[in-house]
Amino acid sequence: MTLLDLWLSRSIPMCLLLQSLVLMALCFPSASMCPKGCICQRDPHLHGLNVTCSQSRLKEIPSLPVDTVLLRLDHNQIGAVPDQAFHGLRLLRELNLSYNAVETLGEGAFSGIEATLQVLDLSHNRITSVHKDAFARLKARVIVDDNPWHCDCALQQAIGGMAHNHEAAARVLCRSSELRDQEGRPFLAVDTDLCNLAKRTTDYAMLVTMFGWFAMVISYVVYYVRQNQEDARRHLEYLKSLPSKPKKPDEADDISTVV
């Protein structure tokens with residue numbers, strides 16, 4: 001066997017190995033792209049990745065592959081959804097955040113995925129309040145069951161922006177409310193404009209504060225006048241108590257002369 005034959009015999013398997021590695025890189029996501037503790041599988045029908053991070057003890061949303069289509073973050077310890085947390089995931093269709101510890105949602109929590117997202121599961125969290133525009137641009141079906149909602153003006157506005165999610169809105173129960181008689185009742189049963197209620201409460205508080213200041217000013221003026229009257233009376237009594245000076249003889253003569 002010549003040196004050329006020996007080189008070719010070793011080069012061909014090497015080429016085949018490189019081709020295999022290239023094909024694997026194209027067909028499967030690299031380990032560096034997939035978050036730690038998650039499983040990433042390519043979906044040939046959706047032309048993207050199914051990323052499963054269920055029960056991974058996550059406390060925050062990890063960095064995700066840009067071609068993620070289905071994302072499961074359920075049964076973790078995620079406590080917040082930062083603004084633009086999913087920005088750049090332009091193919092994302094389904095997002096499962098159920099069974100976490102999320103307490104509130106900001107205006108930009110789902111910024112960047114409004115157009116493509118079809119299902120958003122936020123059930124079984126600790127959500128009490130949301131920004132009034134948190135769901136405004138979403139076209140997805142939103143699941144919000146089993147959260148300790150505080151029914152206030154912001155939530156009323158947020159629910160109002162979910163006209164296409166009537167089923168989700170119907171499942172919102174008021175754990176607490178601006179109106180005590182609404183606690184424990186479905187949010188859609190609240191027939192009071194909570195935003196006007198908050199405004200009236202603020203106006204009433206301002207009126208009470210202004211009345212308090214006005215009463216304090218009047219009290220000070222009355223006290224000031226009375227104090228000055230008392231000082232004047234004392235000064236007058238003091239002047240009256242002083243002995244009168246006797247007239248001098250010269251002054252009496254002058255007066256007689258003038259007369």
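Refer to the structure printed above.
The model shown is predicted, which means the values in this text are computed figures rather than measured ones.

**Q** Help me understand the packing of aromatic side chains in this model?
**A** Any aromatic ring pair is given by two values, namely how distant the centres are and how the planes are angled relative to each other. Applying the stated criterion across every chain yields a total of 1 aromatic pair. Between Phe86 and Phe110, the aromatic rings sit 6.5 Å apart at their centres with planes inclined by 5°, giving stacked as the arrangement. On the criterion of sequence distance, the pair formed by Phe86 in the loop between strand S3 (68-72) and strand S4 (94-96) and Phe110 in the loop between strand S5 (104-105) and strand S6 (119-121) is long-range, its members being 24 residues apart.

**Q** What am I meant to see in the state of the cysteines here?
**A** Covalent bonding between the sulfur atoms of two cysteines is what defines a disulfide. Considering all chains together, one arrives at 4 disulfides under this definition. One disulfide in the model links Cys38 with Cys53; its S-S distance is 2.0 Å. Between Cys38 and Cys53 the sulfur-sulfur dihedral comes to about 115°; the bridge is accordingly right-handed. Highlighted residues: Cys38 in the loop between helix H1 (3-27) and strand S1 (39-43) and Cys53 in the loop between strand S2 (48-52) and S3, separated in sequence by 15 residues. A relative accessible area of 0% means that Cys53 is categorised as buried. Here Cys153 engages in a disulfide with Cys195; their sulfurs sit 2.0 Å apart. Here the disulfide of Cys153 and Cys195 is right-handed, its torsion about the S-S bond being about 90°. Of this pair, Cys153 sits in helix H2 (residues 153-160) while Cys195 is found in helix H4 (residues 194-241), placing the two residues 42 residues apart along the sequence. Sequential numbering of the bridged cysteines in the protein gives the disulfide pattern 1-3, 2-4, 5-7, 6-8.

**Q** Is there a simple way to explain the sheet that holds strand S8 (residues 141-143) in this structure?
**A** Hydrogen bonds between backbone groups are what pair the strands of a sheet, and the pairing can be parallel or antiparallel. The strand order across the open sheet built from 6 strands is S1-S2-S3-S4-S6-S8, with neighbouring strands paired in mixed fashion. Where the open sheet ends on each side, the last strands, each with one partner, are S1 and S8. The sheet shows a mean angle of 15° between the axes of neighbouring strands, direction not considered. Sheet topology places S6 next to S8; 3 bridges connect them, and they run parallel. Across the sheet, the residue bridging to Leu120 is Val142, located in S8.

**Q** Just to check I follow, could you spell out the pattern of salt bridges for this structure?
**A** Close approach of charged atoms allows side chains of opposite charge to pair. Within the structure shown, the criterion is met by 4 salt bridges. In this structure, Glu114 and Arg137 form a salt bridge, with 3.8 Å as the shortest nitrogen-oxygen distance. Of this pair, Glu114 sits in the loop between S5 and S6 while Arg137 is found in the loop between strand S7 (129-130) and S8, placing the two residues 23 residues apart along the sequence. For Glu114, a relative accessible area of 17% translates into the label buried.

**Q** Help me out: how do you make sense of the side chain of Ser123 in this one?
**A** With respect to the helices, strands and loops of the structure, Ser123 is situated in the loop between S6 and S7. A polar atom in the side chain of Ser123 sits 2.7 Å from the side chain of Asp121. For Ser123, the residues in contact, after removing those within four places along its chain, are Ser98, Tyr99, Ile143, Val144, Asp145 and Asn147.

Conventions and cut-offs
Residues numbered from 1 in each chain as written. Predicted model: local features only at pLDDT ≥ 70, side-chain atom pairs only at ≥ 80, totals over all residues. Heavy atoms only, no water. Phe/Tyr/Trp six-rings, centres within 6.5 Å; stacked < 30°, edge-to-face > 60°. Helix = DSSP H or I, 4+ residues; strand = E, 2+ residues; numbered from the N terminus. Disulfide = S-S within 2.5 Å. Buried < 20%, exposed > 50% of the residue type's maximum accessible area, 1.4 Å probe, protein only. Pairing = 2+ DSSP bridges. Axes fitted to C-alpha atoms, helices over the stretch in contact; angles between N-to-C directions. Salt bridge = Lys/Arg side-chain N within 4 Å of Asp/Glu carboxyl O. Polar contact = N/O pair within 3.5 Å; in protein donor to acceptor, adjacent residues only side chain to side chain. Contact = heavy atoms within 4.5 Å.

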